[in-house]
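Notes for the structure review
Here is how the chains run, residue by residue.
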Amino acid sequence: MLNTSATRALIKLELTRSLRNKKFLFFSVLYPSFIYLIFSSSAGSGEKVDETGLTVATYLMVSMASFGALTAVLMGNSERIAKERENGWVRQLRLTPLPGRGYVLAKTASAAVVSLPSIIVVFVVAAVFKDVRLDTWQWLALTGVIWAGSLVFAALGVAIGYVASGDAVRPITMIVYFGLSILGGLWMPSTTFPRILQDIAKWLPTHAYAALGRAIEQSEAPHTTDIAVLAVYFVLFAGGAAWLYRKDTLKA
Amino acid sequence: MTTTAAPATTTPVVGFDQVTKTYGSVRAVDGLSLRLYPGETVALLGPNGAGKSTTLDLLLGLKHPDSGTVGVFGTSPREAIVAGRVGAMLQSGGLMDEVTVAELVKLACSLHPKPYKAADVLARAGITQIADRKVNKLSGGQAQRVRFALATAGDSDLIVLDEPTTGMDVSARQAFWATMREQADQGRTVLFATHYLEEADAIADRVLVLHRGRLLADGTAAEIKARAGARRISFDLEGSIEEAALRDLPFLTSFDVSGQTVRIQSSDADATVHALYGLGVYPRNLEVAGLGLEQAFVAITEAEEAKQSC
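Reference entry: report on the structure contained in this document.

Procedures and definitions
- Residues numbered from 1 in each chain as written.
- Chains lettered and ligands numbered in written order.
- Predicted model: local features only at pLDDT ≥ 70, side-chain atom pairs only at ≥ 80, totals over all residues.
- Pairing = 2+ DSSP bridges.
- Helix = DSSP H or I, 4+ residues; strand = E, 2+ residues; numbered from the N terminus.
- Axes fitted to C-alpha atoms, helices over the stretch in contact; angles between N-to-C directions.
- Contact = placed C-beta atoms within 7 Å.
- Nonpolar A, V, L, I, M, F, W, Y, C, P; charged D, E, K, R; others polar.
- Core = buried A, V, L, I, M, F, W, Y, C linked by C-beta atoms within 7 Å.
- Buried ≥ 20, exposed ≤ 12 C-beta atoms within 10 Å, placed from the backbone.

**Some thoughts on the sheet that holds strand β4 (residues 67-72) of chain B**
Residue and element names in this part refer to chain B. One open sheet holds the three strands; their spatial order is β2-β1-β4, and the pairing between them is antiparallel. Of all the strands in the sheet, the pair left with one neighbour each is β2 (26-36) and β4. Put simply, the sheet's adjacent strands are angled 25 degrees from each other on average, direction ignored. Here strand β1 (residues 14-23) runs beside β2; their pairing, made up of seven bridges, is antiparallel. Its bridge partner lying in β2, Y23 is registered against V26.

Right, dumping it as structure tokens:
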């Protein structure tokens with residue numbers, strides 16, 4: 001059973017702390033928009049991405065919004081959890097009535113609050129500077145899908161936070177973060193990759209994640225394969241995180 | 001072994017029953033049984049590796065015993081914590097960083113089922129002046145006070161403190177124990193582990209000596225000192241010292257000569273001093289004193305070591 005008021009108090013403080021951390025805010029909220037402007041400016045305004053029928057600006061908007069959400073939830077969870085496991089804050093919290101899951105929940109919830117503006121800022125920049133136009137339902141659905149999909153990576157962040165520690169957590173997070181972002185086609189369309197990388201990319205969660213948003217831009221229903229891929233990864237990451245969490249609790 | 005008398009009907013605050021905890025081949029806690037009763041202030045003493053931290057971890061439900069049972073207020077440690085009956089500060093307990101002291105204490109209050117007002121908690125821990133400071137910018141002693149504030153954020157019945165005054169200077173330590181006494185005077189049970197034996201001597205009304213995971217002594221500080229059974233005798237001698245004759249003095253438990261000063265310990269100081277005069281020497285600056293808790297502690301643990309090595 002979750003002790004909700006206790007969890008809420010922790011979420012509130014986690015949020016205060018996130019919003020105070022300028023570096024974290026820069027990388028999760030502003031950085032994706034910068035990259036978006038740089039990448040989309042290198043293409044002509046009417047240029048389309050093969051096979052999708054979407055302009056480069058529209059195509060990249062979903063990629064970078066997904067990238068921003070990924071940054072917020074993955075970075076927010078993995079490094080902090082690893083650090084707080086190490087400095088003993090997790091132990092101190094276990095001496096309070098807060099259930100252990102409340103800690104993970106608070107971390108994920110506060111990361112999710114930061115990921116929402118990182119999605120919206122990319123949308124606003126795309127609409128204002130790159131004249132991306134979509135129907136109202138598409139904007140709303142995009143926000144909802146990208147936000148909800150980021151939970152997959154929040155779970156991955158928790159898992160990394162419990163498996164890595166000390167100096168290892170940052171490199172591991174970075175490798176996973178850039179690996180998933182680039183190979184999954186968030187930075188450039190995976191259609192530009194060599195064949196072998198394209199085959200790998202197809203099965204990455206980030207690829208499926210961006211594909212959900214792209215389907216909405218194309219006014220289509222998201223593909224079942226993408227939903228299935230994300231669902232499998234979510235079960236994998238969340239299950240792994242739960243298992244690692246329990247292992248850590250027994251050891252601590 | 002002396003145990004503090006308590007009515008049989010009282011539910012012990014803490015009950016360890018034949019508790020064993022092993023890491024690999026090391027028995028950190030070895031068949032430990034003990035009871036703490038309401039209102040006691042208890043010091044947990046032991047050399048490094050005696051099992052103090054493991055004992056506290058077991059008591060707080062951070063670790064689970066391999067065998068035996070641990071009860072807190074008649075329930076499991078976790079249940080007692082969820083009910084808000086236990087406040088604890090661990091050496092290994094960290095703090096959330098990048099937040100202010102006040103924010104962290106406020107969080108601790110929100111997490112406690114029977115919270116005090118954050119302002120009161122800050123004042124009692126003596127950290128009102130540093131309330132706006134970031135937690136990661138504190139000195140060691142200040143961080144200890146913040147940990148103490150977290151442990152006393154609510155109306156808990158048992159307070160557990162692991163080496164609470166580490167990193168504090170003497171005046172901070174005195175202030176800390178004054179605060180701690182207030183907690184005890186309100187009828188709380190306080191259990192603290194410490195390296196500073198004078199703290200145990202001055203503050204605890206019961207001392208537990210832990211050695212190799214077992215309870216070696218359990219009683220008041222005075223009883224522990226008596227149990228060590230020895231008194232210190234020191235005196236100066238002029239001229240050459242006949243060591244062999246001095247070593248043959250009756251009831252000696254330790255012997256040390258440095259320069260003209262002889263320091264010995266005896267299990268029967270009266271007989272030893274009498275025999276000393278019988279040697280025909282003229283001891284000057286003769287002092288006979290009881291052992292401090294520290295020496296008693298060393299004597300008890302050394303005796304145990306000797307027993308185990310034979």
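Text resumes after the structure shown.
**Details of the interface of chain A and chain B**
With 21 residues of chain A at the contact, the number on the chain B side is 20 residues. Counting only elements with at least two residues in the side of chain A that touches chain B, the list comes to α1 (4-20) and α4 (89-93) of chain A. Residue classes in the side of chain A that touches chain B are distributed as nine nonpolar, seven polar and five charged.

**What to know about the environment of L15 of chain A**
All names here are of chain A. Among the secondary structure elements, L15 is positioned in helix α1. Distance from L15 to Y31, taken between C-alpha atoms, is 20 Å for residues 16 residues apart in sequence. For L15, the contacting residues outside a window of four places in its chain are S110 and V113.

**Considerations on the environment of A200 of chain B**
Residues and elements named next belong to chain B. With respect to the element layout, A200 can be found in helix α7 (residues 197-203). In this structure the C-alpha to C-alpha distance between A200 and L45, which are 155 residues apart in sequence, comes to 8.0 Å. In contact with A200, other than residues within four places in its own chain, are A43, L45, T194, V207, A221 and L293.

**Regarding the pairing of strand β10 (residues 231-236) of chain B**
Residue and element names in this part refer to chain B. Examined bridge by bridge, β10 and strand β12 (residues 261-266) share six bridges and lie antiparallel to one another. Bridge pairing links S234 to R263 in β12. Pairing of β10 with strand β13 (residues 284-290) involves five bridges; the strand directions are antiparallel. Within β13, the residue paired with S234 across the bridge is E287.

**Side note on the nonpolar core**
In terms of nonpolar packing, the biggest core is built from 149 residues, with M61 and V122 of chain A together with L45, V105, A149, V160 and V209 of chain B touching the most fellow members. The element best represented in this core is helix α3 (residues 56-86) of chain A, accounting for 17 residues. In contact with A149 of chain B, other than residues within four places in its own chain, are V105, A108, V121, L122, A125 and I127 of chain B.

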